[in-house]
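Structure assessment
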Amino acid sequence: MLLATCIAGCTSPSKLHPSAAIQSSALPPEPLPPAAAAPEPCSVYLVRHGWHTGLIVRRCDVCAQDWPEIRLFDDSTFIEVGWGDAGYLCSKLPGPIVLANAAFLPSRSAIHVAGFDCPPEIFFQDSQIIEIKMSAERVGRLCRFVHHDLARDDAGGLRRLGPPIYGRGGIYQSKGYYFLPNTCNVWTARGLAAADCPVAVPLCTIAPPLVLQSKRFGREIHDGLGKLPVIYPFVNFDRPTNR
């Protein structure tokens, strides 16, 4: 017992030589772990086809928990969604009667979903495109907005009304009704507002005010509207030549 006490006393920090204590206190601190890199922002695109507007997301930025139906478009790099009058969207060449019904009579709405692979500014060469950077969380809010607006049958499946106008996808029944001033541009603005974009939704009945507001928090990457004939807005959606 006496021997153990002596050994302990000789090796205790208070009994160490002063130089040893100085060396111990001069040791460099442990290096801090490297700071985690900030996640890269996602790109969402506002696309204007004449009087109509839609939104484009990257498939890789969409979580299936936010938009379960996105699994139908796993073979596409980009997904465009656009809301409108169901009769107008499903018509191959809408005439004056279809346009009048869409504008002045509350009618069933639909969402046009189109998947494609090449960059938006190439696929939509004749359209105006605004790129909007946002976090993955905000993209999730936008996708949940689209998911909740899709109508479903009794079995929970989507109600497909017809093939897509372009790309890979379809025209699906929506829950709301289309009428003036509740237009496609208002729906697009609501989607951006759901993603915390500073948009004044009531001012977005037509496309120009929506595009103008979007330029304040996004940047224009393409403007092909100057190539379009005057009659273009009254005909239909943009129909890309590069599919």
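Up top is the structure.
A brief report on the enclosed structure follows.

Analysis parameters
- Counting from 1, residues in each chain are numbered in the order their sequence is written.
- Predicted model: local features are reported for residues with pLDDT of at least 70 only, side-chain atom pairs are reported and counted for 80 or more only, and whole-chain, interface and lining totals are derived from all residues.
- Neither water nor hydrogens contribute to the side-chain values; these are computed over all heavy atoms in the structure.
- Secondary structure elements follow DSSP: runs of H or I no shorter than four residues count as helices, runs of E no shorter than two count as strands, and numbering proceeds from the N terminus.
- Three labels apply to residues, based on accessible area from a 1.4 Å probe with only protein chains included: buried if under 20% of the type maximum, exposed if over 50%, partly exposed otherwise in between.
- Contacts were defined at the residue level, with two residues in contact if any of their heavy atoms lie within 4.5 Å.
- Areas reported here follow the Shrake-Rupley algorithm with a probe of radius 1.4 Å; residue values treat only the protein chains shown as occluding.
- The pairing criterion for strands is at least two bridges between them, as found by DSSP.
- Angles shown run from 0 to 180 degrees and are taken between the N-to-C directions of axes, each axis being a line fitted to C-alpha atoms and, for helices, limited to the stretch in contact.
- In summary, the pairing rule links any two rings of Phe, Tyr or Trp, Trp by its six-membered ring, whose centres are within 6.5 Å, and it sorts them by plane angle into stacked for under 30 degrees, edge-to-face for over 60 and tilted for everything else.
- If an angle is under 35 degrees, it is roughly parallel; if it is over 145, roughly antiparallel; if it lies from 65 to 115, roughly perpendicular; otherwise it is oblique.
- It is the rotation of the near helix from the far one that decides the hand of a crossing: anticlockwise by less than a right angle makes it left-handed, clockwise makes it right-handed.
- For this scheme, ten residues count as nonpolar: Ala, Val, Leu, Ile, Met, Phe, Trp, Tyr, Cys and Pro. Four count as charged, namely Asp, Glu, Lys and Arg, and the remainder, Gly too, count as polar.
- One fewer than the residue count of a helix, multiplied by 1.5 Å, yields its expected span.
- The definition of a polar contact used here is a pair of N or O atoms within 3.5 Å, where within protein one atom must be able to donate a hydrogen and the other to accept one, and adjacent residues in sequence count solely through side-chain atom pairs.

**So, the overall build of the protein chain**
Check the secondary structure of the protein chain and you find 8 helices and 8 strands. Residues counted as buried form 44% of the 243 residues belonging to the protein chain. When contacts within the protein chain are restricted to residue pairs at least 6 apart in sequence, those whose partners lie at least 24 apart make up 73%. Of the accessible surface of the protein chain, which amounts to about 13,200 Å², a share of 63% is contributed by carbon and sulfur atoms.

**Quick notes on the sheet that holds strand β4 (residues 107-116)**
Across the sheet, which stays open at both edges, the 8 strands sit in the order β6-β7-β4-β3-β2-β1-β5-β8 with antiparallel pairing between neighbours. Two strands in the sheet have a free side with no partner beyond their single neighbour: β6 (160-162) and β8 (219-223). Each adjacent strand pair in this sheet contributes to an overall mean axis angle of 30 degrees, direction not counted. Where strand β2 (residues 52-58) and strand β3 (residues 78-85) come together, 4 bridges link them in antiparallel fashion. Counterpart to R58 in the pairing with β3 is F78.

**Some thoughts on the packing of aromatic side chains**
This model, assessed by the stated rule, comprises 9 aromatic pairs. Ring centres of F78 and F116 lie 5.5 Å apart, and the angle between their planes is 20 degrees; this geometry places the pair in the stacked category. In this pair, F78 sits in strand β3 while F116 sits in strand β4, placing the two residues 38 residues apart along the sequence. Of the two residues, F78 and F116, both sit in the buried class. Here the aromatic rings of F124 and Y166 are separated by 5.4 Å at their centres, their planes lie at 80 degrees, and the arrangement is edge-to-face. Here the residue F124 occupies a position in the loop between α5 (120-123) and β5 (128-134), and Y166 occupies one in the loop between β6 and β7 (168-178), the gap between them amounting to 42 residues. Assigned by exposure class, F124 and Y166 land together as buried.

**Looking at the packing of helix α6 (residues 136-149) against helix α7 (residues 184-194)**
Running from amino to carboxyl end, α6 crosses α7 at an angle of 135 degrees, the nearest separation of the two axes being 7 Å. Classified by the angle their axes make, α6 and α7 are oblique. Read as a crossing pair, α6 and α7 show a hand that is right-handed. Contacts between α6 and α7 involve R141, L142, F145, V146 and D149 from the first element and W187, R190, G191 and A194 from the second. Of the residues belonging to the contact of α6 with α7, the class tally is 5 nonpolar, 1 polar and 3 charged.

**Thoughts on α6**
Here α6 spans 20 Å end to end across 14 residues, near enough to the 20 Å set by a 1.5 Å rise per residue. Listing the buried residues of α6 in full gives V139, G140, L142, C143, F145, V146, H147 and D149.

**Let's talk about the side chain of H222**
Residue position: H222 is located in strand β8. On the basis of relative accessibility, which here comes to 19%, the residue H222 falls in the buried class. A distance of 2.7 Å separates a polar side-chain atom of H222 from the backbone oxygen of Q125. Not counting residues up to four positions away in its chain, the partners in contact with H222 are E121, F124, Q125, S127, Q128 and I129.

**A word on the environment of A195**
By secondary structure assignment, the location of A195 is in the loop between α7 and α8 (207-217). Note on A195: relative accessible area 0%, which makes it buried. With 52 residues separating them along the chain, A195 and C143 place their C-alpha atoms 8.8 Å apart. In this view, A195 contacts M134, R138, R141 and L142; residues no more than four positions away in its chain are not counted.

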